[in-house]
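Breakdown of the fold
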Amino acid sequence: MSTIPKSRLAALAVFLIVLALFPLGANGYILGVLTTAFYFAVFAMSWDLLFGYAGEVNFGPTFLIGLGAYGAGMSNALLGLPVPLAIVVGALAAVAGGVALAIPALRLSGPYLGLITLVSVLLLQQAIVIFAGVTGGEIGLSVPDVLSISSAANYEYALAFMLVSGLILFLISRSSLGMILQAAGQDQVAAAALGFNATRHKILAFAVSALFSGLAGAFLVFYLGTASVSAVVDISIGVRVIIAAVLGGRRTIIGGAIGSVFLIVAGELLRPIGQLSTFVVALIALVVIVLFPDGLLGLLPHRRGA
Amino acid sequence: MNTTTTPRLAVSGLHKRFGGLIAVKSLDFNLYPGEILGLIGPNGSGKSTVMQMIMGVVRPTAGQILLDGQDIAGRPTYDIARAGVGIVFQHSRPLRLQTVLENILLGLLPDSLSRLRPPPGAIETARRIGEECGLGEVLDRLPATLPFADLRRMELAKAIARNPSVVLIDEPFAGLTSAEVHDFSALIRRFRDQGRAVMLVDHNVKSIASLADRVLALYLGEKIAEGSSEQVMQDETVRRVYLGGGIETHERPEAEIAAHKVLLQAEDISVFYGKAQALENVSLTVHEGEFVSIVGLNGAGKTSLFNAISGLVPFRGAISWDGAKRAGESAAAIARAGIVQCPETRELFGRLSVAENLELAGQRLPPGERASRLDWLHELFPILRVRGTQESRTLSGGEQQMLAIARSLMLKPRLLILDEPTLGLAPVILGQLSEALSRLRETTDITVLLGEQNVTFALPHADRVYVIEHGRIIWNGTPTRFAAEAGTGYL
């Protein structure tokens, strides 16, 4: 609803062109790191829509991501569905999971809902291990098809996917719908008193968040060539998604993308120090979150509301 | 005022029970288009529950709420809002990333999952409503940068955005200065002149007397009076509820009090919560051994004053304790120096037994003294001995209050602050509590500062009374002079 200044739009366009032309200059390793970061960015942005806007505490983003990843991976590996169709199946599985998660969310809130979302991740993880015959269990599930074997092509796919998802999520957040979501997230009674059926809006927020989480999970599987618990379901992955979103700046959507790229690139840059790298990145994230609760985007001088 | 006799809102047999408590008892009333109705009642009278039932936030146990002939009782809030009822809550949480204009626009958006843009003309409408409500200058600012009164205006603007035929306003003037009260009254009158039915909910008649065309007084869930502001203020039952009938006072002679040294002196205390001013230059003196009551309605600033004295909230002004000016001591240090506050929320350890709650409070006393003090407390409140092993959360409200007071006394206060001990208690319990206070006053030389909205409870024990209203002390004197000099102002 707000207008963005022209100068900023121009800067954004230049930045995007540079990003798109990256494969011309960068090697496969760097492209690989960024490809992962871009999918991660969609995880974080989807989470921000649900938590930052609708106010629903979701401590288990990997429940939705995992459903998308495994839904897509299994329909490709077991049913032989082509990649695009498999991705659609994964996304649908995630949306179903998101709506299912919305049911407890309508009765519970805050930490209690957070606990349920955490448990949902554990349940999914257990289910994958128990049904190892079809899911690949702890070893992971190899998928026969991949998006591409070219790292440049994979990079462009991920970039395009992130930009489209980000744009849609951003537009929703700034639309009438986004405003209603924020109102309902802050005070459900007050939102209802303005005539909004907050329940319907919240279910939609769960569904949209799940859709993009699931799509990103599905794409990631066909980039990596495997679906594994450690890559798309583990609680620690979910924690990193949340850290990325908060680090970049809550209630901004774009912050999720910035935080994700920052986290993953910083992790790679610090790889030479070995095990310590995770520790250092976590420490940096902690410091930023404590000192700047509005995240990295909050540091920008002209941000509205700062 | 109302040219038509068809009520816009017709409430009949409205009843609400929360567990064993009857909050609203088969209430009937009408609200006509083009009138301002004041719904008043002390704390716990059920007025908020009535408002919440009309808005659908609370589901009635029984009864009808007809809006233009259609029963809206028990329907979901969003449905009632769309049917034409708007509400201004006392507390608001505006969208903080959106401008004032966008916040008003929120009230104009359709409840649709697929519409991503506001309907055509909505922005202009929002602008017009904002200007009508006196927000023309600040439409493009963020709510966080607005003064408190403008935030309230914004809530009014949001509430009328959907052009409701009924507007409910909870405590319209809470936290506003007198000049702002004047502006707001004009605004609310305009809502009425536009043909809306307006219902104001407040604690007393006085605050809304000049605005309301008709007033309805509630007490313990029942209608006790209805009529013009003057009629309700003259009503015997209302006077008894608010002022207490034939209160026996026991004040000690002023000269005797003045002979004691000053224990607590507060000068020009002001307290702000964000932008809302809760206390404005309040000064207060308490002598050693004196029983001082602070009488004021809910939201008048009693708790803020006590919290300032206890060092729990930041304030402007000076406080002297026992002859020495206080300089930034922590709340814990203030409590150790002898100021013990018994908060209105009681704050008992619910899962600990009565005896454990008392023991915990006596931790700092030597064992011998602890035992003798406990015996004394058991004499003062015999029921606590009987209930000794019971979990404190299973006690009745009155017993819990006695335990809270006993626990405070266990800390050997030099000044005991009692904040609304009667809150939510049944009248029969008040008697027992009142007796305990009498015994306390007669058998010890304790200094007490009592905050109450229940005058019947506050006056009998007091040596001196302060009346607080809208964060200011508006009267002080002896309890015998209260009814004559301050009574009307308190209705």
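Further up the page is the structure itself.
This text gives an overview of the structure that appears in the document. (Residues numbered from 1 in each chain as written. Chains lettered and ligands numbered in written order. Predicted model: local features only at pLDDT ≥ 70, side-chain atom pairs only at ≥ 80, totals over all residues.)

Examining the overall build of chain A
Our working rule: Secondary structure elements are taken from DSSP: a helix is a run of H or I of four residues or more, a strand is a run of E of two residues or more, and numbering for both begins at the N terminus. We compute the radius of gyration from the C-alpha atoms alone; for a globule the expected value is 2.2 Å times N to the 0.38, where N is the number of residues. A residue is called partly exposed when the number of other C-beta atoms within 10 Å of its own lies between 12 and 20, exposed at 12 or fewer, and buried at 20 or more, with C-beta atoms placed from the backbone.
The number of helices and strands found in chain A is 14 helices and two strands. Computed over the C-alpha atoms, the radius of gyration of chain A is 19 Å, within 12% of the 19 Å expected from 2.2 N^0.38 for a compact globule of 306 residues. Dimensions of chain A, computed from the C-alpha atoms along their principal axes, are close to 50 × 45 × 35 Å. Each of the 306 residues in chain A was classed as buried or not, and the buried ones make up 51%.

Remarks on the packing of helix 3 (residues 61–77) of chain A against helix 5 (residues 110–130) of chain A
Residue and element names in this part refer to chain A. Keep this limit in mind: To obtain each axis, a line is fitted to C-alpha atoms, and for helices this fit is confined to the stretch in contact; angles are then taken between N-to-C directions over 0 to 180 degrees. These descriptions rest on fixed angle ranges, namely under 35 degrees for roughly parallel, over 145 for roughly antiparallel, 65 to 115 for roughly perpendicular, and the rest for oblique. Two residues qualify as a contact pair if the distance between their C-beta atoms, derived from the backbone, is within 7 Å. The residue classification treats Ala, Val, Leu, Ile, Met, Phe, Trp, Tyr, Cys and Pro as nonpolar and Asp, Glu, Lys and Arg as charged. All others, Gly included, are polar.
Where helix 3 contacts helix 5, the axes come no closer than 8 Å and their chain directions differ by 30 degrees. Considered as vectors, helix 3 and helix 5 are oriented roughly parallel to each other. Across the interface between the two elements, Thr62, Phe63, Gly66, Leu67 and Tyr70 from helix 3 touch Thr117, Ser120, Val121, Leu124 and Ile128 from helix 5. Each residue belonging to the contact of helix 3 with helix 5 can be placed in one class, and the counts come to six nonpolar, four polar and no charged.

Some remarks on the interface of chain B and chain A
Chain B puts 27 residues into the contact, and the matching count from chain A is 25 residues. Elements that contribute at least two residues to the side of chain B that touches chain A include exactly helix 2 (77–83) and helix 3 (100–106) of chain B. Considered class by class, the residues forming the side of chain B that touches chain A number 15 nonpolar, three polar and nine charged.

Focus on the pairing of strand 6 (residues 85–88) of chain B
All names here are of chain B. What counts is decided by this rule: Criterion used throughout: strands pair if DSSP finds at least two bridges between them.
Judged by which residues are buried, strand 6 turns out to be covered on both faces: Val85 and Ile87 on one side and Gly86 and Val88 on the other are all buried. Relative to strand 7 (residues 166–170), strand 6 is paired through four bridges, and the arrangement is parallel. Looking across to strand 7, one finds that Val85 is bridged to Val166.

Quick notes on the sheet that holds strand 1 (residues 9–18) of chain B
All names here are of chain B. Reading across from one edge, 2-1-4-5 is the order of the four strands in this open sheet, with antiparallel pairing throughout. What marks the edges here is a single partner per strand, and that holds for strand 2 (21–31) and strand 5 (70–71). Bridge count for strand 1 against strand 4 (residues 62–67) is five bridges, and the pairing is antiparallel. Its bridge partner lying in strand 4, Ser12 is registered against Gln64.

Details of helix 13 (residues 354–361) of chain B
All names here are of chain B. Put simply, the test is: In this description, the arc belongs to the directions extending from the helix axis to the C-beta atoms.
Turning to helix 13, its buried residues are Val354, Asn357, Leu358 and Ala361. Considered in projection along helix 13, the buried side chains sweep an arc of 95 degrees and stay on one side of the axis. Here the buried face of helix 13 lies against helix 14 (367–380), helix 15 (382–386) and helix 16 (397–410).

So, the sheet that holds strand 16 (residues 339–342) of chain B
Working definition: the strands of a sheet are paired by backbone hydrogen bonds and lie parallel or antiparallel to each other. Residues and elements named next belong to chain B. Pairing is mixed in the open sheet, where six strands are placed in the order 16-17-18-13-19-20. The outermost strands of the open sheet, each flanked by one partner alone, are strand 16 and strand 20 (472–477). Going from strand to strand, the sheet's axes swing by 20 degrees on average, the running direction of each strand aside. Relative to the sheet, helix 11 (residues 302–309) contacts strand 13 (291–295), strand 16, strand 17 (415–419), strand 18 (447–452) and strand 19 (464–469), its axis offset from that of strand 17 by approximately 150 degrees. Its contacts with the sheet put helix 16 on strand 16 and strand 17, and the angle it makes with strand 16 is roughly 170 degrees.

Notes on unusual backbone geometry
The phi dihedral of Ile253(A) is positive, around 65 degrees, even though this residue is not glycine. For Ile253(A), the position within the fold is in the loop between helix 12 (235–248) and helix 13 (254–269). Residue class for Ile253(A) comes out buried when judged on the 29 C-beta atoms lying within 10 Å of it. In this structure, Glu171(B) takes a positive phi of about 45 degrees despite not being glycine.

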